[in-house]
Structures are given as C-alpha cells and as structure tokens.
Amino acid sequence: MTDNEPSYLKEMLLSPGNVYAVLSGLAASVMVSIPYGLEAGLVPLIALVAGEAVAALFVPYSESFREKVDKRHRREKRETERAHLLSEIERRKDMLKNAYGSFSAYQRMVARVSSIYRIAQDSRTQIALRDAERLDDATLDYLRMWLASMVTEERARAISVKDIEARMAAIEQEIDKAKPGTDLTQLQKARSEYLSLLTRHRRMASRKAAIEAAMLSMPDQMDEIYQAIVTAPTATE
C-alpha cells in the first residue's frame, strides 16, 4: 500500500453499512441475553465476529469496493485542495484586478465539469468517470495557475528594478574607480547578487506571462471539450 492509498480494511470496518451491522449485532446480543442469559447472548456476538472476519477476507479486495473508496478519496482530496486555493486567492483580493484569472471563468469551467459528470453517469455514453475527473482536475490547474500568478506579482512588487539597477551602477562605478583599501571581492560579490536578483526577476516575469496565456486559453478549451461531448456523447473519439 502506497502512502496515498487508503486502508481498504479500515474503510470497510468504518463504512456505514458495517457500523450498522455491528450495532445491530450488539443490540441483538443484549436483547437475547436478557431473557435467555449471558451464554445465549454470546451467540449473536460470535456470529458477528465470524461475519466480520469473512468480510475482511473478501470485501477490501473487491474491485467495486476499492473503486468506490478511491473515488471518494479522490473527490475529498480535490475539494480540500480547492478550498485551500480559493482561500489563498481570496486572501489576495487587492491583486484580483491585476490578475488574469476571474471567478466567472472559473465558475463556467466548474459548471461544464458538473454537466460532464452527469453525462458520464449515463451508461450509453462513451464518457467515463475518470474522464470527468480529469476535467475536474483542470479546474484545479486553473486555480493553481491563478494563485501562482498572484504570488509572482507579490514578488515583483517587493522588488524595485530601477533601484537594483541604480545600486549595480553605483557598485560598478566604485569598482572602476577603486581606491586603496577598497574590498573589490565584496563589491564584486554584491554586484553578482544584484545581477542574480535581476535575472530571477526577469525569469519570473517570463514565467508569469506563460501562466497568464495558459489561463486565458483554459476556459475556451473547456468550452470546446464540453461542446464536443454534448454534441456527440456516444462518439468514441
């Protein structure tokens, strides 16, 4: 079992059906023991333990049971991350106007995915549940990129390129006109640090541009996929 794989035995034991069976067995044991004594009351408990042992040998290894558990865990993981991403985006309200993401575009994607989930439930279509889940993951990708764009903007605001360039120019001038006692090694080190900072800043700006371009295209791509699905849900492509 991998770190991300749920414990199927635990899931079976804590499932509503099994919990109900255990409570029913305990209740039956109490009810039988009142008129017939403690020994008679043990019979339902023995049957319960035997039933649990048999179920533990087969149910956790059932493909249908595992798929049901995996589906729920994937959904819970997605919704947990979704809540976190939306919270982080909401926390940066002051950047919403400068960000390429929009709640209207995101909600449109979510609505499309909800509709595709309903289509996937129809056995006559070629759309599988995992296909719908992959599109649902795309809505999380949109939020991830939106947040990444905002974080990049935060870093950009913390750096004044003009100030850094002015400091570099001053250091270079001091190096060129070095006086006796000047520590050139430290000046060159400072110049290198400023240069690295500017390089990272430019690289970050390029990455932000790529993220924003992807964000602009994602809702349209989702609309295109949705249109293809609703137009021909039984197509094999």
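Structure first, text after, so check above.
Procedures and definitions
Residues numbered from 1 in each chain as written. Predicted model: local features only at pLDDT ≥ 70, side-chain atom pairs only at ≥ 80, totals over all residues. Heavy atoms only, no water. Helix = DSSP H or I, 4+ residues; strand = E, 2+ residues; numbered from the N terminus. Buried < 20%, exposed > 50% of the residue type's maximum accessible area, 1.4 Å probe, protein only. Polar contact = N/O pair within 3.5 Å; in protein donor to acceptor, adjacent residues only side chain to side chain. Contact = heavy atoms within 4.5 Å. Patch = residues over 30% accessible without salt bridge, like charges linked within 9 Å, V, L, I, M, F, W, Y side chains within 5 Å. Areas by Shrake-Rupley, 256 points an atom, 1.4 Å probe, with all protein chains shown as cover. Salt bridge = Lys/Arg side-chain N within 4 Å of Asp/Glu carboxyl O. Axes fitted to C-alpha atoms, helices over the stretch in contact; angles between N-to-C directions. Parallel < 35°, antiparallel > 145°, perpendicular 65-115°, else oblique. Left-handed = near helix turned anticlockwise from the far one by under 90°. Nonpolar A, V, L, I, M, F, W, Y, C, P; charged D, E, K, R; others polar. Lys, Arg positive; Asp, Glu negative; His and termini not counted. Charge placed at Lys NZ, Arg CZ, Asp CG, Glu CD.

Caption draft 1: Layout of the side chain of arginine 92. Mapped onto the elements of the fold, arginine 92 is located in the loop between α4 (63-90) and α5 (103-120). Assessed through its relative accessible area of 8%, arginine 92 is described here as buried. Separated by 2.9 Å, the side chain of arginine 92 and the backbone oxygen of glutamate 88 make a polar contact. Each residue touching arginine 92, except ones within four places of it in the same chain, is listed here: Leu147, Met150, Val151 and Glu154.

Caption draft 2: Structural context of the side chain of histidine 201. Positionally, histidine 201 belongs in helix α8 (residues 184-231). Residues within four places of histidine 201 in sequence aside, it is in contact with Ala156, Ile159 and Val161.

Caption draft 3: Just a nonpolar patch on the surface, in detail. Together, Leu9, Leu13 and Leu14 line one region of the surface with nonpolar side chains, adding up to about 270 Å² of accessible area. Looking at where leucine 14 falls in the secondary structure, it is placed in the loop between α1 (8-13) and α2 (16-36). Residue leucine 14 is classed as exposed on the basis of its relative accessible area of 56%.

Caption draft 4: Up close: the packing of α4 against α5. It is at 14 Å that the axes of α4 and α5 come closest, and there the two elements cross at 165 degrees. Overall, the two elements α4 and α5 adopt an arrangement that is roughly antiparallel. The handedness of the crossing between α4 and α5 is left-handed. Seen from α4, the contacting residues are Arg78, Arg82, Leu86, Ile89 and Glu90; seen from α5, they are Phe103, Tyr106, Val110 and Tyr117. Class assignment for the residues of the contact of α4 with α5 results in six nonpolar, no polar and three charged.

Caption draft 5: Region of interest: a positive patch on the surface. A cluster of basic residues, Arg155, Arg200, Arg203 and Arg207, forms a positive patch at the surface. In terms of residue count, α8 provides more of the positive patch than any other element does, three residues in total. With respect to the element layout, arginine 200 can be found in helix α8.

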